[in-house]
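If you want the building blocks of each chain, they are given just below.
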Amino acid sequence: MIPGAASAARAPRLGFLGVGWIGRNRMEAVLSSGLGLSCVLCDPSSEMIAAARELAPAADVVDSFEQLLAAEPDGILIATPSALHAEQSMAALNAGIAVFCQKPLGRNAGEVAAVLEAARRRDRLLGADFSYRHTRATTLIRDLIRDGEIGRVYTADLVFHNAHGPDKPWFYDPALSGGGCVMDLGVHLVDLLLWMQDFPEAILVAADLFAAGQRLENRHSQVEDYAVVTLGLDTGAVARLACSWRLHAGCDAVISATFHGTKGSLAFQNVAGSFYDFTAELRRGTHCEVIASPPDHWGGRAAVDWAGRLAAGHGFEPAAEQFLRVSQVLDSIYENAL
């Protein structure tokens with residue numbers, strides 16, 4: 001078998017590298033869809049492996065990433081710490097294996113560009129888990145923006161405040177994480193901003209990063225826990241983004257993306273502090289119409305979409321270049337913060 005040579009005649013054989021909560025969630029979604037078969041699992045935690053084997057009792061378990069590659073799956077889903085994403089993705093792609101990776105695909109644009117080059121050179125499908133693209137609310141808003149429902153978008157406000165913050169130590173080491181709340185949460189806001197509008201060019205206007213209430217002085221020794229960013233788009237629009245960890249938000253999370261146009265506004269927002277439940281609203285003047293609401297089981301849809309394209313025999317797709325566009329904006333935020 002040629003690695004990566006999945007066909008529509010059968011579900012692709014998949015390896016799962018990292019089967020913590022997110023890895024298992026994506027694994028369960030793909031297996032439930034019937035678009036992929038779990039053939040091999042790899043994680044340093046025996047507890048996580050045991051939980052994953054409840055979903056895929058017939059899957060082989062290996063002790064190392066190298067052994068996972070040697071099993072020659074058609075594709076690998078990567079859910080490991082951020083510092084490993086680019087290196088592991090490139091190794092898999094260079095072995096002729098398709099990749100679906102948790103965000104960020106790389107800690108900077110250079111790493112992301114190297115992953116893209118490997119995928120392009122080997123003509124292998126590359127996906128990244130920009131999961132919020134796949135909620136019913138965001139897809140509806142994107143369609144309405146593209147159809148001109150609210151006219152010309154001239155400003156947007158995007159927010160992601162997580163009142164809890166990460167619980168893994170590596171998130172707080174810049175060398176391992178690549179950054180703080182911007183890398184963890186802001187990446188989703190930048191992606192939604194650009195994806196909703198067919199990826200206009202974005203130019204940084206201003207960025208302010210804070211750690212424990214003080215301006216971030218050295219991003220190589222600490223990570224930010226609050227950020228506010230202003231971006232200018234080549235459409236003439238301006239966007240404001242804010243994200244944080246452990247903000248006194250009064251609830252678990254505040255997540256929203258609001259687009260204001262000349263004929264109305266469209267708003268995506270979480271419900272009652274939830275990380276999972278979202279509405280979409282169409283607003284005109286003082287009138288507000290709810291156009292999408294829970295329930296909506298969207299968490300694993302990005303992985304399922306990738307698995308479906310892999311099963312259909314897709315190789316490298318130019319849309320993956322969008323991952324680099326997002327990373328370049330993040331680089332600009334970190335390099336030019338006041």
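Look up: the structure comes first, before these words.
Being a predicted model, the structure only gives us computed values, none of them experimental. (Residues numbered from 1 in each chain as written. Predicted model: local features only at pLDDT ≥ 70, side-chain atom pairs only at ≥ 80, totals over all residues. Heavy atoms only, no water.)

J.: I'd love a proper account of the overall build of the chain, names of residues and values included.
T.: Secondary structure assignment for the chain yields 10 helices and 15 strands. Taken against the 2.2 N^0.38 rule, which gives 20 Å for 338 residues, the C-alpha radius of gyration of the chain at 20 Å falls within 12% of a compact globule. Projected onto its principal axes, the C-alpha positions of the chain cover 60 × 45 × 35 Å. Here the chain holds 338 residues, and 55% of them are scored as buried. (Helix = DSSP H or I, 4+ residues; strand = E, 2+ residues; numbered from the N terminus. Rg over C-alpha atoms; globule rule 2.2 N^0.38 Å. Buried < 20%, exposed > 50% of the residue type's maximum accessible area, 1.4 Å probe, protein only.)

J.: Explain the sheet that holds strand S1 (residues 13-17) to me, and be specific about the residues and the numbers.
T.: Sheet architecture is open: six strands sit in the order S3-S2-S1-S4-S5-S6, paired in parallel fashion. Sheet topology places strand S3 (60-61) and strand S6 (126-128) at the edges, where each strand pairs with a single neighbour. Of the strand pairs in this sheet, S1 and strand S2 (residues 37-42) are connected by five bridges, and their pairing is parallel. When the sheet's bridge partners are listed, phenylalanine 16 is paired in S2 with leucine 41. Against the sheet, helix H9 (residues 301-311) makes contact with S1, strand S4 (75-78), strand S5 (98-101) and S6, and its axis sits at roughly 175° relative to S5, the strand it touches most. (Pairing = 2+ DSSP bridges. Contact = heavy atoms within 4.5 Å. Axes fitted to C-alpha atoms, helices over the stretch in contact; angles between N-to-C directions.)

J.: Describe the environment of aspartate 296, naming the residues involved and giving the relevant values.
T.: Looking at where aspartate 296 falls in the secondary structure, it is placed in the loop between strand S15 (287-292) and H9. Ignoring any residue separated from it by four or fewer positions in sequence, one finds aspartate 296 in contact with Thr135, Arg136, Ala137, Tyr276 and Arg301. There is a polar contact of 2.7 Å between the side chain of aspartate 296 and the backbone nitrogen of arginine 136. At 2.5 Å, the side chain of aspartate 296 forms a polar contact with the side chain of arginine 301. (Polar contact = N/O pair within 3.5 Å; in protein donor to acceptor, adjacent residues only side chain to side chain.)

J.: Tell me about the packing of aromatic side chains, and name the residues and values.
T.: Tallied over the full model, the rule gives 12 aromatic pairs. Measuring from centroid to centroid gives 5.8 Å for tyrosine 132 and phenylalanine 160, while their planes differ by 90°, and the two rings are edge-to-face. Within this pair, whereas tyrosine 132 is found in the loop between S6 and helix H6 (136-146), its partner phenylalanine 160 is found in strand S7 (residues 153-162), the two being separated by 28 residues in sequence. Given a relative accessible area of 9%, tyrosine 132 falls into the buried group. Measuring from ring centre to ring centre gives 6.0 Å for phenylalanine 210 and tyrosine 226, while their planes differ by 65°; the resulting arrangement is edge-to-face. Pair noted here: phenylalanine 210 is in strand S8 (residues 202-211) and tyrosine 226 is in strand S10 (residues 226-233), with a separation of 16 residues, a long-range link. Here a set of aromatic residues connected by ring pairs shows up, and it is made of Tyr132, Phe160, Phe268, Phe278 and Trp298. (Phe/Tyr/Trp six-rings, centres within 6.5 Å; stacked < 30°, edge-to-face > 60°.)

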